[in-house]
Amino acid sequence: MEQNLILLYTLFAPLVGAMLLLFLPKEKEGLIRAFGIGVSLITFFLSLAAWSMFDASKAEFQLQQQFLWLSRYNISFHIGADGLSMIMVLLTTFLTTLTLWTSWSGIAKKVKEFTFFMLILEVGMLGVFVSVDLFLFYVFWEAMLIPMYFIIGIWGGEQRIYASIKFFIYTMAGSLLMLVAIIWLFMYAYNDVHMYTSNINDLYKIGPKIPFEIQKWLFLAFTISFAIKVPLFPFHTWLPDAHVQAPTAGSVILAGVLLKMGTYGLLRFSIPLFPQSAHYFAPAISTLAVIGIIYGALVAMVQTDMKKLVAYSSVAHLGFVVLGIFALTPESVQGAIIQMVNHGLSTGALFILVGAIYERTHTREIDAYGGIAPIVPVYSTLLLIVSLSSIGLPGLNGFIGEFLILIGAFKSPVLNNWMFSIVAASGVIFAAVYLLWMYQRVVFGPVKNEGLRALKDVTAREFTIVALLLVFIVWIGVYPATFMKITEASTAKLIKETLTTLSIRY
Amino acid sequence: MIPVQDLFASAPLLIIGGSILIALILEMVFDSQSSIVAWFSGSALLFTAYWSLYHLYDRGFAFNNMISISGRTQLLFFIVNFAAAVVVMFSMDYIKKIQTNYGEFYILLLSAVLGMMLIAAARDMVIVFIGLEQMSICFYVLAGFRRKNIKSNESAIKYFLLGSFATGFIVYGMALLYGASQTFSIPEYLAHVETLKSNPIFLLGSLLFVIGFTFKIAAVPFHMWVPDVYQGAPTNVTAFMSTAGKVSGFAALITFLSPFIDYSARTTGSAKFFMPFLATLSVLSMLYGAIVALSQSDVKRMLAYSSIAHAGYMLIGLSALSYEGVDGVLFYLVAYTLMNLGAFGIISILETQDEKMLKIEDFAGLSSRSPLLAAFLAVFLFALAGLPPFAGFFGKYFVFVSAVENGMTWLAIVGVISSVISVYFYLRIIVLMYFSKGENTEVVSVPKSALLGVFVVFIMFVIMSAFPQKFEGIIHTIGLLTY
């Protein structure tokens, strides 16, 4: 196996940065912020370097690096990236940099601690995406809870304690059941090949051989844990609390990357490890996903708090992603992956914009606004473009993902029922309703509140951050091939192997 | 005539034994306020800890096979001596703070360590018993060391009564064991395990013996003494009891059960007849400890219940009765000792003279009063909750693996359920420390020696968390050396 250190550097750059940060004096907040942004920028460039070395035409893990870790159980510190990992790594490093930059004004207290936890969180997220060893994946998956818990708990809103504990326990309950399933899987692998293994490539060969009666339970243990993270209806109840209470930076990372860890887990583990069960449960899970799309949209429609509205829109968007994943066609899975990126960009931008106006007026109530278009024209324009991208307007990114998912699900041999697509498509209309309605109430109409006349338009920093996101929003909308081709080979491999195991012809 | 190699083999025991005598003389000669006894005992303990680490891979028996100095023994020597040395560091200022600065404290501590080391080394039931009594009697006194404090007295009396009761079980069990086998030697049991296994008197004796020691490791339903004693005893004593005391309880159980441990892992045979008993205790301890800890308002009491739950997790590994299980328990014991020592050490630093700062609410806003201690405590609590990447997680992982390996997946599932429950009460302290503002804004004054103790534990713990494979490898190797 060819060894390459670039992913290791990418993974540990934020950790080293976080350790160095501890030596900076607490009072020099500007220095600390700049340092945090610098470290995350270096990490971003390292991930770009990794991308440049990455060969998108190959489906298997590349840029691998392996050290034997717990030798008795043959567990190794094994990292690598295939297309799916690569695009998630790029998304993570990009969004972390922007988030740290956004929080320049949003986070006023304990700046040093905040930057420290953000960098540690970045290590955890990157680790989840590059682990080739199932045990290592689990370690990162769980460890990442700790920094996120502090970010919500220390810098969050009024009910931050409730939200942070709910987030922590909810996620941990799911993942501990996954731990038992992981151990069980290792033991099965041992009995099967008489050797301990936790390498996913080996487990991919063993998983489909597990008798269906048992495989079903393992699949559920893994999938429920991921479904909580996604969050799939009805496991979504922690999300609105966490989103609303988290600071802007926390919301962006939560929506942009953390939720993707759940869908990533479904693609990386649930389906290829347990294809028969995935096939068996696909209609049920797709039904939940479609319910999530409709439910999320309907609940978003009646929200009075802008952040909560965006939070519920996440439930709907992620419903699309899950539908695409379980439809198991090349189009739908590619669409789901690009939709994961889209959601990170669009919802991240929405949270940044909502956060920006909240910093000025200290309210997120939709009713408190109205008629701000002439007062803050640039802000209103940005909000419009971002909302339209979230709705799925052709020419912007959201359309590409949703369209691919819908056609994939329509002709999916696994779901074998076009009703899923039909109902899900109505979710697109609902999305237009709740977002445009919010936009109308906030931006147009008479000025309700005289205080709003003093509202200042976006600063150069805010403009640059959102503009950077918009570059990609338009790029994906116009020419998605740049990003789609990263994942093309690994998606094709996943579909081919899964459908071959299921002996479904496609 | 005692052979020279026996004396050399038992050197750690002799060093501690000799140190007790010297400490007694020092205590007589010097002024009682001087800390010379503390320094002396601390150095003796550290030296012994170092000695046992140096001889980690030795093997052999001494004194007519009554004690063993093989790998596992040396590891246990190291744990108890290290724990005691750290407790000495915590105590130097703490016992002044609670106005019980008597040199006897360190002498009793050393004597308890000697008892623990005897238990760890014993391969003969009589030695186990001598060690147990030596340890327990010192603990009874230490628990009541604040003799003018009513809670401390209550704790000592409770511990004494229930402890004697447990000792009764052990002695009765030993009598039956002797009656059934005409020997006290554990290697003899090992040699004749096939015939003894079908002897009901032997089994009854074993059961009574094991029950006696489940008192010491604080497993439900033999846990009644734990909350009151842990709460009433001086905090540094609690730190010692909850770690080294539990380690020696497990040492005795592992030693005694070793004849029944299946050497060819993953076979199901009649060797597993202790499994249901130990598994039941484990389930009860995990769930009871985790659930009752939820409603505690005193931090020492909460940690007492948490230690009951941890006894449950370790019993998972023991009830698997396999090599992997025992190795998992040993790994867990080391990790648990470090986490709990750290947590109790920090509590003993924070505790004020009039027993304030023991309520959970008192931890509100600690992160601004003492950022360093709050950060350390947060790490220890996350580790106790079993979150990766800390060593507590690896300990749990190893015992869960041993359970699944031996066909007890349900036990691992109960284990994770109780882990989820227990996350809540560990998090509660972290919430208060970091997310709440406290009324008390006084900066904590931290004595240097105690801080050093916490720091040493923290460094050890971080190393163990970062390189679990090293510790796991050592434990695996010395496990093979034993017997």
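Undergrad: Hey, could you run me through the overall build of chain A in this one?
TA: Secondary structure assignment for chain A yields 19 helices and 2 strands. What you see for chain A is a C-alpha radius of gyration of 22 Å, in line with the 23 Å of a compact globule of 506 residues. The principal-axis extents of the C-alpha atoms in chain A amount to approximately 75 × 55 × 40 Å. Buried residues in chain A amount to 66% of all 506 residues. A separation threshold of at least 6 residues defines the contact pool for chain A, and within that pool the share at least 24 residues apart is 81%.

Undergrad: What exactly am I supposed to notice about the packing of aromatic side chains here?
TA: For any pair of aromatic rings, geometry is given as the distance between the ring centres together with the angle between the planes. Summed over the entire model, instances satisfying the criterion amount to 81 aromatic pairs over all chains. The interplanar angle of 20° and the centroid separation of 6.2 Å between the aromatic rings of F226(A) and F269(A) together place this pair among those described as stacked. Of this pair, F226(A) sits in helix α9 (residues 212-229) while F269(A) sits in helix α11 (residues 248-273), and the two are 43 residues apart along the sequence. Here the aromatic cluster, defined as three or more aromatic residues joined through ring pairs, consists of W69(A), Y73(A), F135(A), Y138(A), Y190(A), Y196(A), F331(B), F393(B), F394(B), Y397(B) and F398(B).

Undergrad: Before we go on, may I ask you to explain helix α12 (residues 235-257) of chain B in this structure?
TA: Between its first and last C-alpha, α12(B) extends 32 Å over 23 residues, near the 33 Å set by a 1.5 Å rise per residue. When you tally the buried positions in α12(B), you get 23 out of 23 residues, the bulk of the element.

Undergrad: Looking at this structure, I do not really get the confidence of the model for chain B. What am I missing?
TA: Segments scoring low in pLDDT should not have their predicted coordinates read at a detailed level. When pLDDT is averaged across chain B, the result is 87; 96% of the residues are at 70 or more. Across residues 264-268 of chain B the pLDDT falls below 50, and counting only partners more than four positions away or on other chains, this stretch makes 9 contacts in the model.

Undergrad: Looking at this model, I keep getting lost on the interface of chain A and chain B. Mind explaining?
TA: It is common to report an interface's size as the accessible area lost on association of the parts. On the side of chain B, 38 residues touch chain A, which itself brings 35 residues to the contact. At the junction of chain A with chain B, the criterion picks out 2 salt bridges. One salt bridge connects R72(A) with D327(B), and the closest N-O pair in it is separated by 2.9 Å. Where chain A packs against chain B, one counts 7 residue pairs in polar contact (both at pLDDT 80 or more). Among the elements of the structure, β1 (62-70), α5 (134-143), α6 (145-155) and α7 (160-193) of chain A are those that each provide at least two residues to the side of chain A that touches chain B. In terms of residues, the side of chain A that touches chain B owes the most to one element, α7(A), which gives 18 residues.

Undergrad: Could you clarify how one ought to interpret a nonpolar patch on the surface in this entry?
TA: Residues and elements named next belong to chain B. Side chains of L21, L24, I25, M28, V29, F30 and I36 sit close together on the surface and give an oily, nonpolar patch of about 690 Å² of accessible area. The dominant element in the nonpolar patch, judged by the number of residues it contributes, is helix α2 (residues 11-29), at 5 residues. Tracing the backbone through its elements, the reader meets V29 in helix α2.

Undergrad: What am I meant to see in the packing of α9(A) against α11(A) here?
TA: Working note: a packed helix pair is described by the angle between its axes plus the distance between those axes. Residues and elements named next belong to chain A. Interhelical geometry of α9 versus α11 gives an angle of 165° and a closest axis separation of 7 Å. Between α9 and α11, the angle is such that the two are roughly antiparallel. Judged by the sense of rotation from one axis to the other, the crossing of α9 with α11 is left-handed. Note on element contacts: α11 touches α9 through L258, L259, M261, G262, G265, L266, F269, S270 and L273, opposite Q215, F219, F222, T223, F226 and K229. Among the residues making up the contact of α9 with α11, the classes are represented as 9 nonpolar, 5 polar and 1 charged.

Undergrad: Quick question: what am I supposed to make of the packing of α7(A) against α9(A) here?
TA: All names here are of chain A. Running from N to C, α7 and α9 point in directions that differ by 150°, and their axes come no closer than 8 Å. Taken together, the axes of α7 and α9 lie roughly antiparallel to each other. Like other packed secondary-structure pairs, α7 and α9 cross with a definite hand, here left-handed. Across the interface between the two elements, Y170, T171, G174, S175, L177, M178, A181, I182, W184 and L185 from α7 touch I214, L218, A221, F222, S225, F226, I228 and K229 from α9. Of the residues belonging to the contact of α7 with α9, the class tally is 13 nonpolar, 4 polar and 1 charged.

Undergrad: What's the story with the pattern of salt bridges in this structure? I'm lost.
TA: As a working rule, side chains carrying opposite charge can pair if their charged atoms are close by. All names here are of chain A. This structure, assessed with the given rule, holds 16 salt bridges over all chains. With a closest N to O distance of 3.0 Å, D192 and K209 form a salt bridge. Of this pair, D192 sits in helix α7 while K209 sits in the loop between α8 (200-206) and α9, and the two are 17 residues apart along the sequence. With a relative accessible area of 48%, K209 lands in the partly exposed category. Taking the shortest distance from any N to any O, the salt bridge between R360 and E462 comes out at 2.8 Å.

Undergrad: Sorry if this is basic, but what is going on with helix α17 (residues 371-384) of chain B here?
TA: For the α-helix, the turn length of 3.6 residues means that residues three or four positions removed from each other point alike. Residues and elements named next belong to chain B. Helix length check: α17 (14 residues) gives 20 Å between terminal C-alpha atoms against 20 Å at 1.5 Å per residue, within 8%. In terms of burial, α17 is a largely internal element, 11 of the 14 residues being buried. Along α17, the residues that are buried comprise L373, A374, F376, L377, A378, V379, F380, L381, F382, A383 and L384. Looking one or two residues beyond α17, the residue adopting positive phi is G386, at roughly 85°.

Undergrad: In this structure, what is going on with the side chain of S19(B)? I would like to understand it.
TA: For S19(B), the position within the fold is in helix α2. If we ignore the near neighbours within four places in the chain, the residues touching S19(B) are F40(B), A44(B) and L110(B).

What counts and what doesn't
Residues numbered from 1 in each chain as written. Chains lettered and ligands numbered in written order. Predicted model: local features only at pLDDT ≥ 70, side-chain atom pairs only at ≥ 80, totals over all residues. Heavy atoms only, no water. Helix = DSSP H or I, 4+ residues; strand = E, 2+ residues; numbered from the N terminus. Rg over C-alpha atoms; globule rule 2.2 N^0.38 Å. Buried < 20%, exposed > 50% of the residue type's maximum accessible area, 1.4 Å probe, protein only. Contact = heavy atoms within 4.5 Å. Phe/Tyr/Trp six-rings, centres within 6.5 Å; stacked < 30°, edge-to-face > 60°. Expected span 1.5 Å × (residues − 1). pLDDT = per-residue confidence, 0-100. Salt bridge = Lys/Arg side-chain N within 4 Å of Asp/Glu carboxyl O. Polar contact = N/O pair within 3.5 Å; in protein donor to acceptor, adjacent residues only side chain to side chain. Patch = residues over 30% accessible without salt bridge, like charges linked within 9 Å, V, L, I, M, F, W, Y side chains within 5 Å. Areas by Shrake-Rupley, 256 points an atom, 1.4 Å probe, with all protein chains shown as cover. Axes fitted to C-alpha atoms, helices over the stretch in contact; angles between N-to-C directions. Parallel < 35°, antiparallel > 145°, perpendicular 65-115°, else oblique. Left-handed = near helix turned anticlockwise from the far one by under 90°. Nonpolar A, V, L, I, M, F, W, Y, C, P; charged D, E, K, R; others polar.

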